[in-house]
Amino acid sequence: MLSRTADHLYWMSRYIERAESLARLVDAHYRMSLLPHSSETLSQSLRSTMTALHMESEYLDRHKIIEPRAVFDFISLDREYSGSIFSCLRAARENARAVRGSLTSELWETLNATWLDARSQVARRSSQAADIGQFVEWVKERSHLTRGVTVGTMMHDEAFHFTRIGTFLERADSTARILTAHQSDLVPGADASVVPDPYAWSVLLRALSAFEVYRRVYRDVITPFKVAQLLILRDDMPRSLLRCCKEVYNNLKSVANQQSAETVRRAGEMHAALHFTRMEDILATGLPVFLEQFLSRLRDLGARIASDFLVPPAEV
Amino acid sequence: MSAPQGDHLTSTPYNEMTKVDGDGRAHYQRYTSWLKDQPPDRLAQKRAEADALFHRVGITFAVYGQEEGTERLIPFDIVPRVLPQEEWIRLESGLKQRVRALNAFIHDIYHDQQILKAGIIPPEQVLCNSQYRPEMQGVDVPGGIYAHIAGIDIVRDSAGEFRVLEDNLRVPSGVSYMLENRKMMMRLFPELFSEHRIAPVEHYPDVLLENLRSVAPTGVADPTVVLLTAGAHNSAYFEHAFLAQQMGIELVEGQDLFVRDEAVFMRTTQGPQRVDVIYRRIDDDFMDPLVFRPDSMLGVPGLLTAYRSGKITIANAIGTGVADDKSIYPYVPDMIKFYLGQSPIIGNVHTWMLRKKEDQAYVLAHLSELVVKEVHGAGGYGMLIGPAATAAEIDMFRRQIIATPERYIAQPTLALSTCPTFADKGLAPRHIDLRPFVLSGRDVTIVPGGLTRVALREGSLVVNSSQGGGTKDTWVLET
């Protein structure tokens, strides 16, 4: 398939996944905002989340203080900010439109309808305050639908593998960043007597669809150790780092070409490292260091995939 | 030249559905009796349904200068344009004849130029034309076919005669609307299709692909065909993506292709892959920055060298524009006689060439009755419609004609035939034309019908989508 086509498919699915991740984050914080006595935790959580996602400076260009409603609006609906959910949905649709011939008509229509609907929702919003909770709920549903239509209608060929690589690279990135935003809650600090705010847990777990999973897996009170274990090392947890790396590796193996051996090897290495490591080892390294290394390897992998498959070499 | 034939606005346009005495034409009978039984709100609801579907499927055209992700619909009218079989048979043979002659003409121009030597067309008309490509002189193309895909615009005058208004031999578009309009009509009104025998059009992509494969460079057993687009921001992008998908071929941009050893390759995830036929949807000027416009980002450097060496087929060929220029149009009937020894089955619209002194004098004296067109204009731009123009507009054209007469032609203001169309206040007659798509490969083929365009504004004669035109499904009835 054309390298450019693979590139558009890869970005199309990355943007949809990113829209969903952002929607989850907004949703979790929005729920928190409805609870009493949590405003300080909420502001703190919003601040560290925006820092981890590199959104803070763009936000502060537009707004003076971190205020929940303004943050929700900024992340969800800001037409001018290229990192908002709205902009992600537009970018996903523009990438899809560039290769609409390589998509099934069901998939194209799903992405196109999502964009048209988002646009009219945002237009309506200027006159009346829409419910942000409802908007992010809708974004999640559209993302689920898109994923379902992708798996259910597309041939499981090269095009499919590139969409999957995009999805799981983006998801790994998102999980790692959310963990980064909450690392202080996950690692017992110098002062062990400070008990982390239980609201912070619920935000973290809900943002990764892991709240109910946690209860089912551990049947126990929530402890930092187990939360980290669930989100990093559980093979059966769809948003864990291990699971995402496994999917990236497997899909990369299926599209391997003559120059991609080293890229595939590195993806395999990332997967194997997570597969055979223990939580104790990660904590010994220190969670912040571990996450930083992980994100940097992920960036390297993304760049390698782009140069091996997507961005055509200048001289052939 | 003779006095004006044809008609202008004072004559009553030919109504496709109804005769002058008010009786319905036979081939519309079943449709009109069906229409009578339809409750008005059902039709209104079907129109809304069509709009929503077109948006959702993204059958739109991009509007330059608007926000990304904003495209417009070409309005679709739910009343079909119906052609009886006997009319179509005549049209079909006339179109095939015309396109054969046009291909013979282009081949001749880039080889021996016999038609110029015979004194039928003044050589400067051809050789000084900006669409004439000296790079193509002496180049042999597979099958001698240049215009593989031709869109011939047909109108019907007030006497009920079909005439050719324009030949589009470069990158004619609109065929996707022909196909999507049919799909939409079948979805909205399936009952109409069981009540009529309507000639199918759905096989167009298969015929097109077969044609493109048949003109691959000699010796290529299983040619790889690609469709070259300017990209997602081009106004006809939907059609490019649609056709590539329907044919199952890659939709490529210039950046996806490169030339090595005079052969063309595309960049794929598995390395370079050889390309044999390019169905291009960008103009000559942008095809190869080394030969044509050096600032073009859309083309492929070295493509023309590959083309001249015979290792790639380009459809339509480079340089076909020399035959669809409005200053060449008046000579097409002569080409038919010269190359085929036949008399034209479909006539032209009478045309005055303003570089001729006597034509110019007549036109300048009758500007308020005539249509004046720029020779290189397209899409309904650069055009004066005398009866609808203000004194100032007429004055402006008068000065331009006197300054550069060779840039203009004039034609009578045709009362294009009308077809009932949904307007704000219900059904009303609107002017229409017809663009059939003529495919030339090993043989010349046309799927029955074509794209009917309709001028939605009352009284308007301009059917172009960029100027408020819409489209209709076109039925050729089989008997």
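Since the model is a prediction, treat every value here as computed from it, not as a measurement.

Quick word on the overall build of chain A
Then, in step 1: Along the backbone of chain A there are 16 helices and 0 strands.
Then, in step 2: Rg of the C-alpha trace for chain A: 20 Å, near the compact-globule value of 20 Å for 316 residues, within the 12% margin.
Then, in step 3: Seen along its three principal axes, the alpha-carbon backbone of chain A occupies a region of about 60 × 55 × 35 Å.
Then, in step 4: A burial count over chain A gives 47% of its 316 residues as buried.
Then, in step 5: Residue pairs at least 24 apart in sequence account for 72% of intrachain contacts in chain A once pairs closer than 6 positions are excluded.

Brief notes about the overall build of chain B
Then, in step 1: What chain B contains, in helices and strands, is 14 helices and 23 strands.
Then, in step 2: Relative to the 2.2 N^0.38 estimate, which gives 23 Å for 479 residues, the radius of gyration of chain B is 23 Å and therefore close to what a compact globule would have.
Then, in step 3: The C-alpha extent of chain B, read off along each of the three principal axes, is 65 × 55 × 45 Å.
Then, in step 4: Within the span of chain B, comprising 479 residues, buried residues form 46% of the whole.
Then, in step 5: Across chain B, every contact between residues at least 6 apart in sequence was considered, and the portion connecting residues at least 24 apart equals 70%.

Here we look at the confidence of the model for chain A
Residues and elements named next belong to chain A.
Then, in step 1: For chain A, mean pLDDT is 88; residues scoring 70 or higher make up 92% of the total.
Then, in step 2: Mean pLDDT per element in chain A: helix α9 (residues 183-186) is the minimum at 74, and helix α13 (residues 241-255) is the maximum at 97.
Then, in step 3: The low-confidence segment residues 190-194, where pLDDT is below 50, has 1 contact with residues more than four positions distant or belonging to other chains.
Then, in step 4: A low-confidence stretch, residues 312-316 stays under pLDDT 50, and its non-local contacts, those more than four residues away or across chains, total 5 contacts.

Quick notes on the environment of Asp235(A)
Residue and element names in this part refer to chain A.
Then, in step 1: Tracing the sequence through the fold places Asp235 in the loop between α12 (224-233) and α13.
Then, in step 2: The exposure class of Asp235 is exposed, given the 10 C-beta atoms found within 10 Å.
Then, in step 3: With 11 residues separating them along the chain, Asp235 and Lys246 place their C-alpha atoms 8.4 Å apart.
Then, in step 4: Ignoring any residue separated from it by four or fewer positions in sequence, one finds Asp235 in contact with Leu242 and Arg243.

Digging into the sheet that holds strand β7 (residues 250-252) of chain B
All names here are of chain B.
Then, in step 1: One open sheet accounts for 4 strands, arranged β7-β6-β11-β12; its pairing is parallel. Two strands lie at the open edges of the sheet, namely β7 and β12 (313-315), each paired on one side alone. On average, adjacent strands in this sheet sit at an angle of 30° to one another, irrespective of strand direction.
Then, in step 2: As paired elements, strand β6 (residues 225-228) and strand β11 (residues 277-280) share 4 bridges and run parallel to each other. Each bridged residue has a counterpart across the sheet, and for Leu228 the counterpart in β11 is Arg280.

Quick notes on the confidence of the model for chain B
Residues and elements named next belong to chain B.
Then, in step 1: In the predicted model, chain B carries a mean pLDDT of 91, and the fraction of residues at 70 or more is 95%.
Then, in step 2: For the stretch residues 1-9, pLDDT sits under 50, and the model shows 24 contacts to residues farther than four places along the chain or on other chains.
Then, in step 3: Taken together, the chains of this predicted complex give a pTM of 0.85 and an interface ipTM of 0.76.

Some points on the nonpolar core
Then, in step 1: Ranked by internal contacts, the top residues of the largest apolar core, which has 203 residues, are Ala19(A), Ala92(A), Val248(A) and Leu102(B).
Then, in step 2: In terms of residues, this core owes the most to one element, helix α1 (residues 3-33) of chain A, which gives 15 residues.
Then, in step 3: Contact partners of Ala19(A), with chain neighbours within four places excluded, come to Ile85(A), Cys88(A), Leu89(A), Ala92(A), Val139(A) and Ser143(A).
Then, in step 4: Core analysis: the second largest hydrophobic core is formed by 14 residues, Trp352(B), Val372(B), Tyr408(B) and Ala410(B) among them.

What about the sheet that holds strand β8 (residues 257-260) of chain B?
Residues and elements named next belong to chain B.
Then, in step 1: Here 3 strands make up an open sheet; going across it, the order is β8-β9-β10 and the pairing antiparallel. Both edges of this open sheet fall to β8 and β10 (271-275), since each of them pairs with a single strand only. The average angle at which neighbouring strand axes cross in this sheet is 40°, direction not considered.
Then, in step 2: One ladder, built from 4 bridges, connects β8 with strand β9 (residues 263-268); its direction is antiparallel. Residue pairing across strands places Arg260 opposite Ala263, the latter belonging to β9.

Concerning the pairing of strand β5 (residues 162-168) of chain B
Residues and elements named next belong to chain B.
Then, in step 1: In terms of residue burial, β5 counts as a mostly covered element, since 5 of its 7 residues are buried.
Then, in step 2: Pairing analysis gives 6 bridges linking strand β4 (residues 149-156) to β5, with the strands arranged antiparallel. Across the sheet, residue Ile154 finds its bridge partner in β5, namely Val164.
Then, in step 3: Two successive antiparallel strands, β4 and β5, enclose a turn made up of 5 residues, where Gly160 displays a positive phi of approximately 90°.

Quick word on unusual backbone geometry
Residue and element names in this part refer to chain B.
Then, in step 1: Here the bond from Ala315 into Asn316 is cis, since omega is -10°, no more than 30 degrees from zero.
Then, in step 2: On the secondary structure map, Asn316 appears in the loop between β12 and α11 (321-324).
Then, in step 3: Although it is not a glycine, Gln113 adopts a positive phi angle of roughly 60°.
Then, in step 4: Locating Gln113 in the fold gives a position in the loop between α3 (85-109) and α4 (114-117).
Then, in step 5: Note on Gln113: 15 C-beta atoms within 10 Å, which makes it partly exposed.
Then, in step 6: The backbone of Asp261 shows a phi angle near 50°, a positive value even though the residue is not glycine.
Then, in step 7: By secondary structure assignment, the location of Asp261 is in the loop between β8 and β9.

Comments concerning the environment of Glu58(A)
Residues and elements named next belong to chain A.
Then, in step 1: Inspection of the secondary structure puts Glu58 in helix α3 (residues 56-62).
Then, in step 2: On the basis of neighbour counts, which here come to 17 C-beta atoms within 10 Å, the residue Glu58 falls in the partly exposed class.
Then, in step 3: When the C-alpha positions of Glu58 and Ser82 are compared, they lie 9.8 Å apart, and in sequence the two are 24 residues distant.

Parameters at a glance
Residues numbered from 1 in each chain as written. Chains lettered and ligands numbered in written order. Predicted model: local features only at pLDDT ≥ 70, side-chain atom pairs only at ≥ 80, totals over all residues. Helix = DSSP H or I, 4+ residues; strand = E, 2+ residues; numbered from the N terminus. Rg over C-alpha atoms; globule rule 2.2 N^0.38 Å. Buried ≥ 20, exposed ≤ 12 C-beta atoms within 10 Å, placed from the backbone. Contact = placed C-beta atoms within 7 Å. pLDDT = per-residue confidence, 0-100. Pairing = 2+ DSSP bridges. Axes fitted to C-alpha atoms, helices over the stretch in contact; angles between N-to-C directions. Core = buried A, V, L, I, M, F, W, Y, C linked by C-beta atoms within 7 Å.

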